[in-house]
Amino acid sequence: MDNITIDYSILNKYSLCHRCFGRLYAKSLHTTNYERGRALKMAKAIELELNLANLYNLLNGLNELNENSNDIGEIKETEEDIIKEIEIKKEELKNIYKSGLIEITNMVENIEEIKETEETTNENEKKYSCPYCRDIFDKNHLNDISEKILKFTSNYEFDTFLIGTVLPKKIKELEKEIINDNPMAESIKQEFNRMMGKMIVEKTNKVVEKTNPDIVIMVNPYNKRIELQINSIFIKGRYNKLIRGIPQSHWHCRSCRGKGCEKCDWTGKQYPTSVEEIIAEPFMKAFKGKEEAFHGAGREDIDVRMLGNGRPFVLQIKEPKIRKADLKPLMEEVNKSGKVEIHNLEYGVRKDIIFFKNEAHRKTYLAHVECEDEITEDEIKQLVEQMQNLTINQRTPQRVSHRRADLIRVRNVYAVSLNKIINSKEFELKIYCDGGLYIKELIHGDEGRTIPSVSELLNKKCICKFLDVWDVHDFEHEEEQ
Ligand SMILES: [Zn+2]
Ligand SMILES: [Zn+2]
(Lines give C-alpha, C1' and ligand atoms only; values in the text may rest on other atoms or scores of the structure.)
(Ligands and ions follow the chains in the order given, each with its own letter.)
Protein backbone atom coordinates (compact mmCIF):
# COMPACT_ATOMS: atom_id res chain seq x y z
CA MET A 1 0.00 0.00 0.00
CA ASP A 2 1.21 3.50 -0.80
CA ASN A 3 2.08 5.94 1.90
CA ILE A 4 -1.15 7.56 3.08
CA THR A 5 -1.09 11.31 3.51
CA ILE A 6 -3.83 13.89 3.92
CA ASP A 7 -4.52 15.19 0.44
CA TYR A 8 -5.83 18.76 0.65
CA SER A 9 -5.66 19.36 -3.08
CA ILE A 10 -9.22 18.05 -3.51
CA LEU A 11 -10.37 21.24 -1.70
CA ASN A 12 -8.96 23.28 -4.58
CA LYS A 13 -11.39 21.54 -6.90
CA TYR A 14 -14.42 20.95 -4.62
CA SER A 15 -15.44 22.92 -1.55
CA LEU A 16 -16.10 19.88 0.60
CA CYS A 17 -17.76 20.58 3.92
CA HIS A 18 -16.09 19.46 7.16
CA ARG A 19 -18.18 16.33 7.30
CA CYS A 20 -17.43 15.25 3.74
CA PHE A 21 -13.71 16.04 4.04
CA GLY A 22 -13.52 14.24 7.38
CA ARG A 23 -15.24 11.21 5.88
CA LEU A 24 -12.30 10.76 3.51
CA TYR A 25 -10.24 9.78 6.56
CA ALA A 26 -13.03 8.06 8.49
CA LYS A 27 -10.90 5.08 9.40
CA SER A 28 -8.41 7.20 11.35
CA LEU A 29 -8.88 9.29 14.49
CA HIS A 30 -11.95 8.01 16.21
CA THR A 31 -14.31 10.97 16.20
CA THR A 32 -17.17 12.25 14.06
CA ASN A 33 -16.49 12.94 10.41
CA TYR A 34 -17.40 16.58 11.01
CA GLU A 35 -14.91 17.05 13.87
CA ARG A 36 -12.16 15.23 12.02
CA GLY A 37 -12.70 17.28 8.86
CA ARG A 38 -12.69 20.54 10.76
CA ALA A 39 -9.57 19.62 12.75
CA LEU A 40 -7.65 18.59 9.63
CA LYS A 41 -8.57 21.82 7.84
CA MET A 42 -7.64 23.89 10.89
CA ALA A 43 -4.23 22.23 11.11
CA LYS A 44 -3.63 22.89 7.44
CA ALA A 45 -4.70 26.52 7.78
CA ILE A 46 -2.19 27.05 10.59
CA GLU A 47 0.53 25.44 8.51
CA LEU A 48 -0.30 27.71 5.57
CA GLU A 49 -0.33 30.78 7.80
CA LEU A 50 3.20 29.96 9.00
CA ASN A 51 4.32 29.24 5.43
CA LEU A 52 3.05 32.66 4.32
CA ALA A 53 4.69 34.49 7.25
CA ASN A 54 8.01 32.85 6.35
CA LEU A 55 7.64 33.69 2.68
CA TYR A 56 6.88 37.38 3.45
CA ASN A 57 9.98 37.50 5.70
CA LEU A 58 12.05 36.10 2.88
CA LEU A 59 10.64 38.66 0.47
CA ASN A 60 11.44 41.57 2.83
CA GLY A 61 14.98 40.24 3.28
CA LEU A 62 15.41 40.16 -0.48
CA ASN A 63 14.24 43.75 -0.85
CA GLU A 64 16.89 44.90 1.67
CA LEU A 65 19.50 42.85 -0.13
CA ASN A 66 18.36 44.34 -3.42
CA GLU A 67 19.34 47.87 -2.41
CA ASN A 68 23.04 47.05 -2.36
CA SER A 69 23.42 44.17 -4.75
CA ASN A 70 25.09 43.90 -8.12
CA ASP A 71 23.45 40.75 -9.37
CA ILE A 72 19.95 42.16 -9.82
CA GLY A 73 18.86 39.57 -12.43
CA GLU A 74 19.31 36.63 -10.11
CA ILE A 75 17.52 38.32 -7.22
CA LYS A 76 14.66 39.24 -9.49
CA GLU A 77 14.21 35.57 -10.39
CA THR A 78 14.13 34.50 -6.73
CA GLU A 79 11.67 37.27 -5.94
CA GLU A 80 9.33 36.09 -8.65
CA ASP A 81 9.49 32.54 -7.33
CA ILE A 82 8.62 33.68 -3.83
CA ILE A 83 5.70 35.79 -5.05
CA LYS A 84 4.42 32.85 -7.03
CA GLU A 85 4.70 30.62 -3.98
CA ILE A 86 2.83 33.17 -1.88
CA GLU A 87 0.01 33.23 -4.44
CA ILE A 88 -0.28 29.43 -4.32
CA LYS A 89 -0.42 29.35 -0.53
CA LYS A 90 -2.97 32.18 -0.49
CA GLU A 91 -5.10 30.25 -2.97
CA GLU A 92 -4.95 27.13 -0.79
CA LEU A 93 -5.89 29.09 2.30
CA LYS A 94 -8.73 30.72 0.41
CA ASN A 95 -10.06 27.34 -0.66
CA ILE A 96 -10.00 26.03 2.90
CA TYR A 97 -11.89 29.10 3.99
CA LYS A 98 -14.38 28.62 1.20
CA SER A 99 -14.97 25.02 2.26
CA GLY A 100 -16.54 26.36 5.43
CA LEU A 101 -13.70 27.08 7.84
CA ILE A 102 -15.02 30.56 8.56
CA GLU A 103 -13.02 30.76 11.79
CA ILE A 104 -9.99 31.80 9.75
CA THR A 105 -11.52 35.03 8.46
CA ASN A 106 -8.74 37.05 10.07
CA MET A 107 -6.10 34.99 8.29
CA VAL A 108 -7.58 35.64 4.88
CA GLU A 109 -9.09 39.09 5.33
CA ASN A 110 -6.32 40.61 3.32
CA ILE A 111 -7.60 38.64 0.36
CA GLU A 112 -10.00 41.11 -1.16
CA GLU A 113 -12.26 38.84 -3.20
CA ILE A 114 -12.99 36.63 -0.20
CA LYS A 115 -14.19 39.62 1.79
CA GLU A 116 -16.64 40.48 -0.93
CA THR A 117 -18.04 36.98 -1.17
CA GLU A 118 -18.35 36.85 2.58
CA GLU A 119 -20.38 40.02 2.73
CA THR A 120 -22.80 39.00 0.01
CA THR A 121 -23.60 35.69 1.64
CA ASN A 122 -23.56 36.88 5.22
CA GLU A 123 -27.32 36.63 5.68
CA ASN A 124 -27.31 32.94 5.05
CA GLU A 125 -26.00 30.96 7.95
CA LYS A 126 -24.40 28.47 5.64
CA LYS A 127 -21.90 30.25 3.49
CA TYR A 128 -20.98 27.57 1.02
CA SER A 129 -22.95 24.49 0.33
CA CYS A 130 -21.10 21.28 -0.36
CA PRO A 131 -21.32 19.60 -3.78
CA TYR A 132 -20.87 16.12 -2.27
CA CYS A 133 -23.47 15.91 0.50
CA ARG A 134 -25.66 18.80 -0.75
CA ASP A 135 -26.85 19.26 2.81
CA ILE A 136 -28.53 15.88 3.13
CA PHE A 137 -27.33 15.75 6.73
CA ASP A 138 -29.22 18.91 7.58
CA LYS A 139 -31.40 18.25 10.63
CA ASN A 140 -34.67 19.24 8.94
CA HIS A 141 -33.86 17.21 5.88
CA LEU A 142 -33.08 14.11 7.97
CA ASN A 143 -36.22 14.65 9.96
CA ASP A 144 -38.36 14.86 6.81
CA ILE A 145 -36.93 11.58 5.57
CA SER A 146 -37.40 9.81 8.88
CA GLU A 147 -41.03 10.95 9.07
CA LYS A 148 -41.62 9.68 5.56
CA ILE A 149 -40.12 6.32 6.53
CA LEU A 150 -42.41 6.10 9.55
CA LYS A 151 -45.39 6.78 7.32
CA PHE A 152 -44.37 4.19 4.73
CA THR A 153 -43.68 1.47 7.30
CA SER A 154 -46.75 2.12 9.43
CA ASN A 155 -48.75 -0.57 7.60
CA TYR A 156 -46.25 -3.28 8.41
CA GLU A 157 -45.45 -5.11 11.58
CA PHE A 158 -41.67 -5.41 12.07
CA ASP A 159 -39.06 -5.70 14.81
CA THR A 160 -35.87 -5.31 12.82
CA PHE A 161 -34.90 -3.18 9.86
CA LEU A 162 -31.99 -2.04 7.79
CA ILE A 163 -31.47 1.24 5.97
CA GLY A 164 -30.01 0.96 2.48
CA THR A 165 -28.88 4.14 0.76
CA VAL A 166 -29.26 4.65 -2.97
CA LEU A 167 -27.06 7.38 -4.44
CA PRO A 168 -27.94 9.34 -7.58
CA LYS A 169 -25.61 8.53 -10.46
CA LYS A 170 -23.96 11.96 -10.40
CA ILE A 171 -23.11 11.66 -6.71
CA LYS A 172 -21.79 8.16 -7.24
CA GLU A 173 -19.43 9.42 -9.93
CA LEU A 174 -18.36 12.39 -7.84
CA GLU A 175 -17.70 10.12 -4.86
CA LYS A 176 -15.56 7.82 -6.97
CA GLU A 177 -13.45 10.78 -8.10
CA ILE A 178 -13.15 12.26 -4.61
CA ILE A 179 -12.39 9.04 -2.75
CA ASN A 180 -10.01 7.91 -5.51
CA ASP A 181 -9.28 4.53 -3.89
CA ASN A 182 -8.26 6.14 -0.61
CA PRO A 183 -8.45 3.22 1.83
CA MET A 184 -9.16 5.51 4.80
CA ALA A 185 -12.42 6.79 3.35
CA GLU A 186 -15.95 5.56 3.92
CA SER A 187 -18.82 6.07 1.50
CA ILE A 188 -21.41 8.73 2.20
CA LYS A 189 -23.83 5.78 2.12
CA GLN A 190 -22.34 4.32 5.29
CA GLU A 191 -22.69 7.57 7.19
CA PHE A 192 -26.24 8.12 6.01
CA ASN A 193 -27.24 4.54 6.85
CA ARG A 194 -25.81 4.99 10.32
CA MET A 195 -27.48 8.32 10.99
CA MET A 196 -30.87 7.41 9.57
CA GLY A 197 -30.73 4.03 11.33
CA LYS A 198 -30.13 5.81 14.62
CA MET A 199 -33.03 8.20 14.05
CA ILE A 200 -35.44 5.38 13.24
CA VAL A 201 -34.31 3.42 16.30
CA GLU A 202 -34.98 6.47 18.46
CA LYS A 203 -38.41 7.07 16.97
CA THR A 204 -39.65 3.47 16.87
CA ASN A 205 -37.63 1.39 19.35
CA LYS A 206 -37.03 -1.12 16.53
CA VAL A 207 -33.65 -2.76 16.07
CA VAL A 208 -31.15 -2.49 13.24
CA GLU A 209 -30.37 -5.95 11.90
CA LYS A 210 -27.80 -6.45 9.17
CA THR A 211 -28.10 -10.09 8.11
CA ASN A 212 -31.79 -10.84 8.24
CA PRO A 213 -33.95 -7.76 8.82
CA ASP A 214 -37.74 -7.85 8.61
CA ILE A 215 -37.74 -4.76 6.42
CA VAL A 216 -35.09 -3.14 4.26
CA ILE A 217 -35.74 0.56 3.75
CA MET A 218 -34.08 1.85 0.60
CA VAL A 219 -33.60 5.61 0.72
CA ASN A 220 -32.30 8.08 -1.81
CA PRO A 221 -31.38 10.89 0.60
CA TYR A 222 -31.01 13.44 -2.21
CA ASN A 223 -34.55 13.27 -3.59
CA LYS A 224 -36.09 11.64 -0.48
CA ARG A 225 -37.40 8.66 -2.44
CA ILE A 226 -38.16 5.63 -0.31
CA GLU A 227 -38.75 2.03 -1.27
CA LEU A 228 -39.53 -0.83 1.09
CA GLN A 229 -38.44 -4.43 0.79
CA ILE A 230 -40.62 -6.47 3.09
CA ASN A 231 -38.89 -9.76 3.71
CA SER A 232 -40.90 -12.96 3.66
CA ILE A 233 -41.76 -14.99 6.71
CA PHE A 234 -41.28 -18.73 6.65
CA ILE A 235 -43.37 -21.30 8.46
CA LYS A 236 -42.12 -24.82 8.49
CA GLY A 237 -43.84 -28.00 9.47
CA ARG A 238 -44.92 -31.38 8.10
CA TYR A 239 -48.05 -32.28 6.23
CA ASN A 240 -50.12 -35.38 5.66
CA LYS A 241 -52.31 -35.74 2.62
CA LEU A 242 -55.22 -37.90 3.73
CA ILE A 243 -56.98 -38.32 0.41
CA ARG A 244 -55.99 -39.13 -3.17
CA GLY A 245 -56.70 -36.84 -6.07
CA ILE A 246 -55.23 -33.51 -5.04
CA PRO A 247 -51.85 -32.23 -6.21
CA GLN A 248 -49.29 -30.75 -3.87
CA SER A 249 -49.30 -27.34 -5.48
CA HIS A 250 -51.73 -25.26 -7.43
CA TRP A 251 -51.83 -26.27 -11.12
CA HIS A 252 -52.90 -23.97 -13.87
CA CYS A 253 -55.66 -25.28 -16.14
CA ARG A 254 -54.04 -27.02 -19.11
CA SER A 255 -56.43 -25.43 -21.58
CA CYS A 256 -56.25 -21.81 -20.53
CA ARG A 257 -53.00 -21.74 -18.52
CA GLY A 258 -54.67 -20.03 -15.61
CA LYS A 259 -56.69 -17.36 -17.38
CA GLY A 260 -60.01 -19.15 -16.81
CA CYS A 261 -62.08 -21.01 -19.38
CA GLU A 262 -65.14 -23.20 -19.74
CA LYS A 263 -63.19 -26.39 -19.06
CA CYS A 264 -62.00 -25.23 -15.65
CA ASP A 265 -65.26 -23.51 -14.82
CA TRP A 266 -63.46 -20.17 -14.98
CA THR A 267 -61.26 -20.99 -12.01
CA GLY A 268 -58.05 -21.21 -14.06
CA LYS A 269 -57.21 -24.34 -12.10
CA GLN A 270 -56.69 -27.91 -13.29
CA TYR A 271 -57.67 -29.27 -9.88
CA PRO A 272 -60.16 -27.59 -7.59
CA THR A 273 -57.71 -27.50 -4.73
CA SER A 274 -54.21 -28.52 -3.65
CA VAL A 275 -52.19 -29.18 -0.52
CA GLU A 276 -50.65 -25.76 -1.01
CA GLU A 277 -53.95 -23.92 -1.20
CA ILE A 278 -55.51 -25.75 1.73
CA ILE A 279 -52.52 -24.96 3.94
CA ALA A 280 -51.84 -21.43 2.70
CA GLU A 281 -55.33 -19.99 2.96
CA PRO A 282 -55.63 -19.39 6.72
CA PHE A 283 -51.96 -18.31 6.91
CA MET A 284 -52.35 -15.74 4.15
CA LYS A 285 -55.36 -14.33 5.96
CA ALA A 286 -53.61 -14.15 9.31
CA PHE A 287 -50.32 -12.69 8.03
CA LYS A 288 -51.93 -10.51 5.37
CA GLY A 289 -49.37 -11.57 2.78
CA LYS A 290 -49.25 -10.43 -0.81
CA GLU A 291 -48.31 -13.83 -2.23
CA GLU A 292 -47.20 -17.20 -1.00
CA ALA A 293 -44.89 -19.96 -2.16
CA PHE A 294 -45.04 -23.55 -1.02
CA HIS A 295 -41.80 -25.50 -0.75
CA GLY A 296 -42.08 -29.23 -0.09
CA ALA A 297 -39.30 -31.70 0.54
CA GLY A 298 -40.17 -33.51 -2.68
CA ARG A 299 -43.73 -34.22 -3.75
CA GLU A 300 -46.06 -37.15 -4.09
CA ASP A 301 -48.18 -37.83 -7.15
CA ILE A 302 -51.76 -36.62 -7.22
CA ASP A 303 -53.10 -40.15 -6.57
CA VAL A 304 -50.65 -40.83 -3.74
CA ARG A 305 -51.44 -40.13 -0.11
CA MET A 306 -48.85 -38.78 2.31
CA LEU A 307 -49.18 -40.62 5.62
CA GLY A 308 -46.98 -41.39 8.62
CA ASN A 309 -44.94 -38.55 10.11
CA GLY A 310 -45.69 -36.35 7.13
CA ARG A 311 -43.63 -34.51 4.55
CA PRO A 312 -41.58 -31.48 5.58
CA PHE A 313 -42.62 -28.21 3.99
CA VAL A 314 -41.95 -24.52 4.24
CA LEU A 315 -44.69 -22.02 3.55
CA GLN A 316 -43.29 -18.68 2.46
CA ILE A 317 -45.51 -15.64 2.96
CA LYS A 318 -44.34 -12.76 0.81
CA GLU A 319 -44.65 -9.13 1.94
CA PRO A 320 -46.63 -9.91 5.08
CA LYS A 321 -48.22 -7.03 6.97
CA ILE A 322 -48.35 -9.16 10.10
CA ARG A 323 -45.25 -11.12 11.18
CA LYS A 324 -46.39 -12.68 14.41
CA ALA A 325 -49.42 -14.87 14.88
CA ASP A 326 -50.31 -17.85 17.00
CA LEU A 327 -49.71 -20.84 14.71
CA LYS A 328 -51.89 -23.28 16.60
CA PRO A 329 -55.34 -22.00 15.57
CA LEU A 330 -54.11 -21.75 11.97
CA MET A 331 -52.98 -25.36 12.14
CA GLU A 332 -56.36 -26.38 13.53
CA GLU A 333 -58.13 -24.63 10.70
CA VAL A 334 -56.11 -26.56 8.11
CA ASN A 335 -56.69 -29.81 9.95
CA LYS A 336 -60.45 -29.26 9.86
CA SER A 337 -60.30 -29.63 6.04
CA GLY A 338 -60.31 -33.43 6.35
CA LYS A 339 -57.98 -33.52 3.34
CA VAL A 340 -54.72 -32.23 4.66
CA GLU A 341 -53.27 -32.20 8.16
CA ILE A 342 -50.25 -30.26 9.36
CA HIS A 343 -48.16 -30.53 12.51
CA ASN A 344 -44.79 -29.63 14.06
CA LEU A 345 -45.24 -26.02 13.00
CA GLU A 346 -42.64 -23.40 13.77
CA TYR A 347 -41.19 -20.23 12.29
CA GLY A 348 -38.32 -20.91 9.93
CA VAL A 349 -35.79 -18.99 7.87
CA ARG A 350 -35.04 -18.73 4.17
CA LYS A 351 -32.24 -21.27 4.53
CA ASP A 352 -34.79 -23.98 5.36
CA ILE A 353 -35.91 -23.97 1.72
CA ILE A 354 -32.43 -24.59 0.38
CA PHE A 355 -32.12 -27.52 2.73
CA PHE A 356 -35.17 -29.07 1.10
CA LYS A 357 -34.07 -28.45 -2.44
CA ASN A 358 -30.67 -30.02 -1.96
CA GLU A 359 -31.64 -33.12 -0.06
CA ALA A 360 -33.29 -36.14 -1.56
CA HIS A 361 -34.63 -37.76 1.56
CA ARG A 362 -35.09 -41.50 1.88
CA LYS A 363 -38.70 -42.62 1.93
CA THR A 364 -40.84 -45.47 3.07
CA TYR A 365 -43.76 -46.27 0.77
CA LEU A 366 -46.77 -48.46 1.16
CA ALA A 367 -47.47 -49.98 -2.25
CA HIS A 368 -50.64 -51.88 -3.02
CA VAL A 369 -49.57 -54.41 -5.70
CA GLU A 370 -52.00 -56.12 -8.02
CA CYS A 371 -50.93 -59.14 -10.12
CA GLU A 372 -52.49 -60.30 -13.35
CA ASP A 373 -52.17 -63.95 -12.19
CA GLU A 374 -52.70 -65.56 -8.83
CA ILE A 375 -49.74 -65.50 -6.48
CA THR A 376 -48.81 -67.67 -3.48
CA GLU A 377 -47.60 -66.48 -0.10
CA ASP A 378 -44.30 -68.29 -0.70
CA GLU A 379 -43.74 -66.39 -3.92
CA ILE A 380 -44.35 -63.11 -2.11
CA LYS A 381 -41.95 -64.09 0.69
CA GLN A 382 -39.30 -64.94 -1.89
CA LEU A 383 -39.87 -61.60 -3.61
CA VAL A 384 -39.45 -59.74 -0.30
CA GLU A 385 -36.20 -61.61 0.29
CA GLN A 386 -34.85 -60.71 -3.17
CA MET A 387 -35.67 -57.05 -2.73
CA GLN A 388 -33.55 -56.46 0.39
CA ASN A 389 -30.64 -54.08 -0.41
CA LEU A 390 -31.36 -54.10 -4.09
CA THR A 391 -29.84 -51.66 -6.58
CA ILE A 392 -32.31 -50.40 -9.18
CA ASN A 393 -31.39 -48.95 -12.56
CA GLN A 394 -34.24 -46.73 -13.51
CA ARG A 395 -34.52 -44.95 -16.82
CA THR A 396 -36.70 -41.83 -16.72
CA PRO A 397 -40.29 -43.16 -16.69
CA GLN A 398 -42.36 -42.69 -19.82
CA ARG A 399 -45.04 -40.81 -17.91
CA VAL A 400 -42.66 -38.02 -16.85
CA SER A 401 -40.30 -38.11 -19.85
CA HIS A 402 -41.91 -34.94 -21.26
CA ARG A 403 -40.62 -32.87 -18.36
CA ARG A 404 -37.56 -34.76 -17.09
CA ALA A 405 -34.26 -35.46 -18.83
CA ASP A 406 -34.00 -38.96 -20.23
CA LEU A 407 -31.29 -40.69 -18.23
CA ILE A 408 -30.70 -43.76 -16.09
CA ARG A 409 -30.78 -43.17 -12.35
CA VAL A 410 -29.26 -45.63 -9.90
CA ARG A 411 -31.27 -45.88 -6.67
CA ASN A 412 -31.29 -48.31 -3.78
CA VAL A 413 -34.05 -50.24 -2.11
CA TYR A 414 -32.84 -50.80 1.46
CA ALA A 415 -35.60 -52.89 3.01
CA VAL A 416 -38.92 -54.37 1.96
CA SER A 417 -41.56 -56.05 4.11
CA LEU A 418 -44.94 -57.62 3.48
CA ASN A 419 -47.60 -55.42 5.08
CA LYS A 420 -50.57 -57.64 4.30
CA ILE A 421 -52.05 -60.05 1.77
CA ILE A 422 -55.36 -58.73 0.51
CA ASN A 423 -56.45 -61.59 -1.74
CA SER A 424 -54.92 -64.17 -4.09
CA LYS A 425 -53.81 -61.45 -6.52
CA GLU A 426 -53.23 -58.42 -4.30
CA PHE A 427 -50.84 -57.59 -1.47
CA GLU A 428 -49.20 -54.60 0.19
CA LEU A 429 -45.45 -54.01 0.42
CA LYS A 430 -43.61 -51.54 2.62
CA ILE A 431 -40.58 -50.28 0.73
CA TYR A 432 -37.77 -48.29 2.35
CA CYS A 433 -35.65 -46.70 -0.42
CA ASP A 434 -33.75 -43.71 -1.75
CA GLY A 435 -35.63 -40.56 -2.54
CA GLY A 436 -36.18 -40.17 -6.27
CA LEU A 437 -37.00 -43.81 -6.97
CA TYR A 438 -40.24 -44.07 -8.93
CA ILE A 439 -42.27 -46.72 -7.11
CA LYS A 440 -45.03 -47.28 -9.67
CA GLU A 441 -42.33 -48.15 -12.20
CA LEU A 442 -40.50 -50.26 -9.64
CA ILE A 443 -43.65 -52.40 -9.49
CA HIS A 444 -44.66 -52.66 -13.16
CA GLY A 445 -41.22 -52.29 -14.73
CA ASP A 446 -42.10 -49.59 -17.26
CA GLU A 447 -41.56 -51.92 -20.24
CA GLY A 448 -38.07 -52.80 -19.16
CA ARG A 449 -37.01 -49.28 -18.31
CA THR A 450 -36.78 -50.10 -14.58
CA ILE A 451 -34.48 -53.04 -13.82
CA PRO A 452 -35.17 -55.10 -11.83
CA SER A 453 -38.86 -54.64 -11.02
CA VAL A 454 -41.48 -56.56 -9.05
CA SER A 455 -42.99 -57.79 -12.32
CA GLU A 456 -39.60 -59.08 -13.45
CA LEU A 457 -38.74 -60.72 -10.12
CA LEU A 458 -42.11 -62.46 -9.93
CA ASN A 459 -42.24 -63.13 -13.64
CA LYS A 460 -45.86 -61.95 -13.49
CA LYS A 461 -47.34 -58.74 -14.77
CA CYS A 462 -48.04 -56.44 -11.77
CA ILE A 463 -49.23 -52.90 -11.29
CA CYS A 464 -49.24 -50.51 -8.36
CA LYS A 465 -52.92 -50.09 -7.60
CA PHE A 466 -52.51 -47.59 -4.77
CA LEU A 467 -49.51 -45.87 -3.31
CA ASP A 468 -48.94 -44.01 -0.07
CA VAL A 469 -45.87 -42.28 1.21
CA TRP A 470 -45.48 -43.75 4.66
CA ASP A 471 -42.49 -41.76 5.86
CA VAL A 472 -40.04 -39.07 4.77
CA HIS A 473 -36.79 -39.81 6.57
CA ASP A 474 -35.30 -36.36 6.72
CA PHE A 475 -33.99 -36.68 10.27
CA GLU A 476 -32.25 -40.00 9.68
CA HIS A 477 -30.60 -38.67 6.60
CA GLU A 478 -29.18 -35.74 8.53
CA GLU A 479 -27.62 -38.07 11.08
CA GLU A 480 -25.99 -40.17 8.42
CA GLN A 481 -24.03 -37.26 7.04
ZN1 LIG B 1 -20.58 17.77 2.45
ZN1 LIG C 1 -59.18 -23.21 -17.95
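Residues numbered from 1 in each chain as written. Chains lettered and ligands numbered in written order. Predicted model: local features only at pLDDT ≥ 70, side-chain atom pairs only at ≥ 80, totals over all residues. Heavy atoms only, no water.

Naming follows an unreviewed UniProt entry, where the chain appears as tRNA pseudouridine synthase Pus10 of Methanococcus aeolicus. Taken verbatim from the UniProt record of the chain, the Function (unreviewed entry) comment is "Responsible for synthesis of pseudouridine from uracil-54 and uracil-55 in the psi GC loop of transfer RNAs." (UniProt positions renumbered as here; feature names shortened; annotations may be inferred.)

Peer 1: Sorry, what's going on with the overall build of the chain here?
Peer 2: Along the chain, the regular secondary structure elements total 16 helices and 14 strands. Dimensions of the chain along its principal axes, counting C-alpha atoms only, are 135 × 50 × 40 Å. Counting the 481 residues in the chain, one finds 45% classified as buried. Residue pairs in contact within the chain that sit at least 24 positions apart in sequence constitute 73% of those at least 6 positions apart. In the structure as shown, the chain presents an accessible area of about 26700 Å², 47% of it carried by carbon and sulfur atoms. Charged side chains in the chain number 75 positive and 83 negative. The centres of these two groups are separated by 7 Å. (Helix = DSSP H or I, 4+ residues; strand = E, 2+ residues; numbered from the N terminus. Buried < 20%, exposed > 50% of the residue type's maximum accessible area, 1.4 Å probe, protein only. Contact = heavy atoms within 4.5 Å. Areas by Shrake-Rupley, 256 points an atom, 1.4 Å probe, with all protein chains shown as cover. Lys, Arg positive; Asp, Glu negative; His and termini not counted. Charge placed at Lys NZ, Arg CZ, Asp CG, Glu CD.)

Peer 1: What's the story with the UniProt feature "active site" (unreviewed entry) in the chain in this structure? I'm lost.
Peer 2: Per the UniProt record, the feature "active site" (unreviewed entry) sits at Asp301. Its place among the elements puts Asp301 in the loop between strand 6 (291-296) and strand 7 (304-318).

Peer 1: So what exactly am I meant to see when it comes to the coordination of the zinc ion (ligand 2) here?
Peer 2: Note on metal sites: the ideal angle is 109.5 degrees for four tetrahedral donors, and 90 or 180 degrees for six octahedral donors. For the zinc ion (ligand 2), the full set of protein donor atoms is Cys253 (SG), Cys256 (SG), Cys261 (SG) and Cys264 (SG), at a range of 2.3 Å. What the 4 donor atoms of the zinc ion (ligand 2) show is an angle range of 102 to 114° at the metal, which sorts the shape as tetrahedral. Between consecutive donor residues of the zinc ion (ligand 2), the sequence gaps follow C-x2-C-x4-C-x2-C. Of the two residues examined, Cys256 and Cys264, each falls in the buried class. (Donors = N, O, S within 2.8 Å, 3.2 Å for Na, K, Ca; no water. Tetrahedral: all angles 85-135°; square planar, octahedral: opposite > 155°, others 65-115°.)

Peer 1: Explain a negative patch on the surface here, please?
Peer 2: Taken together, the side chains of Glu74, Glu77, Glu80 and Asp81 make up a negatively charged region of the molecular surface. For Glu74, the position within the fold is in helix 4 (residues 72-98). Exposure remark for Glu74: the relative accessible area of 54% places this residue in the exposed category. (Patch = residues over 30% accessible without salt bridge, like charges linked within 9 Å, V, L, I, M, F, W, Y side chains within 5 Å. Salt bridge = Lys/Arg side-chain N within 4 Å of Asp/Glu carboxyl O.)

Peer 1: Sorry if this is basic, but what is going on with the packing of aromatic side chains here?
Peer 2: Aromatic rings considered in pairs are described by the distance between their centres and by the relative angle of their planes. For the structure shown, the criterion picks out 11 aromatic pairs. Their ring planes at 65° and their centres at 5.9 Å tell us that Phe21 and Tyr25 sit as a pair that is edge-to-face. By relative accessible area, Phe21 is classed as buried at 0%. Here Tyr239 and Phe294 contribute two aromatic rings whose centre-to-centre distance is 6.0 Å and whose plane-to-plane angle is 55°, an arrangement assigned as tilted. Highlighted residues: Tyr239 in strand 5 (residues 233-241) and Phe294 in strand 6, separated in sequence by 55 residues. Taken individually, Tyr239 and Phe294 each receive the classification buried, so the pair is uniform in this respect. (Phe/Tyr/Trp six-rings, centres within 6.5 Å; stacked < 30°, edge-to-face > 60°.)

Peer 1: What am I meant to see in the packing of helix 10 (residues 275-287) against helix 11 (residues 327-335) here?
Peer 2: Packed helices, taken two at a time, are described by their axes: the angle between them and the distance between them. Between helix 10 and helix 11, the least distance of the axes is 9 Å, while the angle of their chain directions is 145°. Between helix 10 and helix 11 lies a crossing of right-handed hand. Within the contact between the two elements, helix 10 uses Ile278, Ile279, Pro282, Phe283, Ala286 and Phe287 and helix 11 uses Leu327, Leu330, Met331, Glu333 and Val334. Its residues assigned to classes, the contact of helix 10 with helix 11 comprises 10 nonpolar, no polar and 1 charged. (Axes fitted to C-alpha atoms, helices over the stretch in contact; angles between N-to-C directions. Left-handed = near helix turned anticlockwise from the far one by under 90°. Nonpolar A, V, L, I, M, F, W, Y, C, P; charged D, E, K, R; others polar.)

Peer 1: Teacher, can you tell me more about the coordination of the zinc ion (ligand 1) here?
Peer 2: Each protein donor to the zinc ion (ligand 1) is listed here as Cys17 (SG), Cys20 (SG), Cys130 (SG) and Cys133 (SG); together their distances run 2.2 to 2.3 Å. Classification of the site at the zinc ion (ligand 1) as tetrahedral follows from its 4 donor atoms and the range of 107 to 114° in their angles at the metal. One chain supplies every donor for the zinc ion (ligand 1), spaced along it as C-x2-C-x109-C-x2-C. The buried category is assigned to Cys133, whose relative accessible area is 3%.

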